[in-house]
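# A structural walkthrough
Here are the chains, one letter per residue:
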Amino acid sequence: MRRDVEAGSDAKLTLSSGGRETTVDLYSEEGMALVDALRLKQAAEFKRMYEPRWLGVPIIQLPEDIVAMQELIWHLQPDMVVECGVAHGGSLALYAAIMELIGKGRVIGVDVDIRPHNRTAIEAHPLAHRIDLVEASSIDPATVEQVERRCEGAGTVMVVLDSNHSYAHVAEEIRLYERLVTPGSYLVVMDGAQALVADIPRGKPEWAEDNPLTALREFLASTSEFEPDRHFERFGATCVPDGFLRRRAS
Ligand SMILES: C[S@@+](CC[C@H](N)C(=O)[O-])C[C@H]1O[C@@H](n2cnc3c(N)ncnc32)[C@H](O)[C@@H]1O
């Protein structure tokens, strides 16, 4: 694959799709926004978020979002991170690794289906002493009760929603988990980008409406408690548009 393309200061990008053409200067804000938007669509099409590993554990995130979460956890220094949606556990390992360096904190991973080989790998990981697994649906009231009990007494609690990415499920997760987020901390709603990749070849037209972004925007319209912190979106392509929600400090 040729990578040494010529793109001098006069370079322009033309995108042709759906019978429309858009041309922008490559080295402009518009050019950068276009490249970021296209990088997201290509990454989703080629499933690039399935490539990274964190300390040996597969993590289903774009590298840009892994860096953003690393910055957020280091900055916030939470005592507890609750993540709905574990898969292989790569994000749990990321959060636990930073907590290990900080010298405090625990991670609770909730997943309706923790595959035996994933559980074995997580439980055998050098960071396992910072990780608790809960195998249950994130929206089952008994799960929320269990998680809430484990968060009791924790100073700073952060919540990450990355399980079922349907509108209805995420709206319900937001409703159930937002109260766990302590003032000044974050509710991270992953994969709102599903709304932005509905038109890719492997996308589904229904994703345009049925997605986490619609749920989180509705939530933001209903509350002044949370605001999106776009600082963590500045790496360009992100699966978390508007999704780093900071709970106001007071
Ligand atoms: C995108 S993956 C999670 C990726 C993981 N957070 C990471 O960063 O590597 C989604 C996970 O959500 C889980 N899931 C789906 N429905 C769920 C539900 N109702 N409750 C909890 N987990 C669910 C799936 O089993 C799957 O493991």
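Below is a short write-up of the structure. Keep in mind it's a predicted model, so treat the numbers as computed, not measured.

Core analysis: the largest hydrophobic core is formed by 66 residues, its most contacted members being Val82, Tyr95, Ala96, Val159, Leu161, Val188 and Val189. With eight residues, helix 3 (residues 90-102) is the largest single contributor of residues to this core. Two domains each donate at least three residues to this core, and these are domain 1 (12-46) and domain 2 (50-247). Discounting chain neighbours no more than four positions away, the residues touching Ala96 are Val107, Leu127, Arg130 and Ile131.

Attention shifts here to the sheet that holds strand 7 (residues 131-135). Pairing is mixed in the open sheet, where seven strands are placed in the order 7-6-5-8-9-11-10. Every other strand in the sheet has two partners, leaving strand 7 and strand 10 (226-228) as the edge strands with one partner each. Mean inter-strand twist for the sheet, computed between neighbouring axes without regard to direction, equals 20 degrees. The pairing of strand 5 (residues 80-84) with strand 8 (residues 157-161) spans five bridges and is parallel. Residue pairing across strands places Val82 opposite Val159, the latter belonging to strand 8.

Close contacts around the ligand come from 20 residues, with Ile60, Gly85, Ser91, Ser163 and Asn164 the closest. Broken down by secondary-structure element, the contributors of at least two residues to the shell around the ligand are strand 5, helix 3 and strand 6 (106-111). Classifying every residue of the shell around the ligand gives eight nonpolar, eight polar and four charged.

Conventions we followed
- Residues numbered from 1 in each chain as written.
- Predicted model: local features only at pLDDT ≥ 70, side-chain atom pairs only at ≥ 80, totals over all residues.
- Core = buried A, V, L, I, M, F, W, Y, C linked by C-beta atoms within 7 Å.
- Buried ≥ 20, exposed ≤ 12 C-beta atoms within 10 Å, placed from the backbone.
- Helix = DSSP H or I, 4+ residues; strand = E, 2+ residues; numbered from the N terminus.
- Domains from an automatic or database assignment.
- Contact = placed C-beta atoms within 7 Å.
- Pairing = 2+ DSSP bridges.
- Axes fitted to C-alpha atoms, helices over the stretch in contact; angles between N-to-C directions.
- Near = placed C-beta within 6 Å.
- Nonpolar A, V, L, I, M, F, W, Y, C, P; charged D, E, K, R; others polar.

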